[in-house]
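Here is what each chain is made of, one letter per residue.
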Amino acid sequence: MIWETLGSVLLGLALAWAADHRLAHRLPARNLVFATGVASALLGAFITHSALGSGHVLATLFGAATLATALLSLLLRPQPRRTRSTKVSPSGV
């Protein structure tokens, strides 16, 4: 159980770091991203471990990664829309 917990924490940190590194311009504060990654990975591991029981380490880590990815994706803000510039003809018309 301790290895599942440590593995889930490390997995949550790794996913949060990857999201922050790749999508920093669309995410809120870095502290919130890392806290969400760790907490959601621990919650996913807890739910999976409760459903399957002990002895399913890989499945538990998969459940942790799945929930962490899902909750980190909820933090994403929409990309700002680009405004279309109006072209002016050379004659001014």
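What counts, and where the lines are drawn
- Residues numbered from 1 in each chain as written.
- Predicted model: local features only at pLDDT ≥ 70, side-chain atom pairs only at ≥ 80, totals over all residues.
- Heavy atoms only, no water.
- Helix = DSSP H or I, 4+ residues; strand = E, 2+ residues; numbered from the N terminus.
- Rg over C-alpha atoms; globule rule 2.2 N^0.38 Å.
- Buried < 20%, exposed > 50% of the residue type's maximum accessible area, 1.4 Å probe, protein only.
- Axes fitted to C-alpha atoms, helices over the stretch in contact; angles between N-to-C directions.
- Left-handed = near helix turned anticlockwise from the far one by under 90°.
- Contact = heavy atoms within 4.5 Å.
- Nonpolar A, V, L, I, M, F, W, Y, C, P; charged D, E, K, R; others polar.
- Expected span 1.5 Å × (residues − 1).
- Patch = residues over 30% accessible without salt bridge, like charges linked within 9 Å, V, L, I, M, F, W, Y side chains within 5 Å.
- Areas by Shrake-Rupley, 256 points an atom, 1.4 Å probe, with all protein chains shown as cover.
- Salt bridge = Lys/Arg side-chain N within 4 Å of Asp/Glu carboxyl O.

Trainee: So what's going on with the overall build of the protein chain? Residues and values would help.
Mentor: When its secondary structure is counted, the protein chain shows 3 helices and 0 strands. Reading the protein chain from its N end, one meets helices and strands in the order α-α-α. Its C-alpha radius of gyration of 20 Å places the protein chain more than 25% over the 12 Å reference for a compact globule of 93 residues. Seen along its three principal axes, the alpha-carbon backbone of the protein chain occupies a region of about 75 × 20 × 15 Å. For the protein chain, the residues scored as buried account for 27% of the 93 residues in total.

Trainee: Help me get a handle on the packing of helix α1 (residues 2–23) against helix α2 (residues 30–52), residues and values and all.
Mentor: The N-to-C vectors of α1 and α2 enclose an angle of 140 degrees; their axes lie 8 Å apart at closest approach. Handedness of the crossing formed by α1 with α2: right-handed. Counting all contacts with α1, which are made through E4, T5, S8, V9, G12, L13, A16, W17 and D20, the residues of α2 involved are R30, V33, F34, G37, V38, A41, L42, A45 and H49. Of the residues that constitute the contact of α1 with α2, the class distribution is 10 nonpolar, 5 polar and 3 charged.

Trainee: Kindly report on helix α3 (residues 57–73), identifying the contributing residues and their values.
Mentor: The first and last C-alpha atoms of α3 sit 24 Å apart over 17 residues, in line with the 24 Å expected at 1.5 Å per residue. Here α3 has its buried residues at T60, G63, A64, A65, A68 and L72. On the buried face of α3, the contacting elements are α1 and α2.

Trainee: Give a detailed account of a nonpolar patch on the surface, specifying residues and quantitative values.
Mentor: Taken together, I2, W3 and L6 make up a surface patch of nonpolar side chains, about 380 Å² in accessible area. Structurally, the position occupied by L6 is in helix α1. The exposure class of L6 is partly exposed, given its relative accessible area of 43%.

Trainee: Quick rundown of the packing of α1 against α3? Include the residues and the values.
Mentor: The packing of two helices is summarised by the inter-axis angle and the distance between the axes. Contact geometry for α1 and α3: axes closest at 9 Å, N-to-C directions at 30 degrees. Of the two elements, α1 crosses α3, and the hand of that crossing is right-handed. Taken together, the residues of α3 that come into contact with α1 (itself represented by E4, G7, S8, L11, L15 and A16) are V57, T60, L61, A64, A65, A68, T69 and L72. Per-class residue counts for the contact of α1 with α3 are 9 nonpolar, 4 polar and 1 charged.

The values reported here are purely geometric and, on their own, carry no functional implication.
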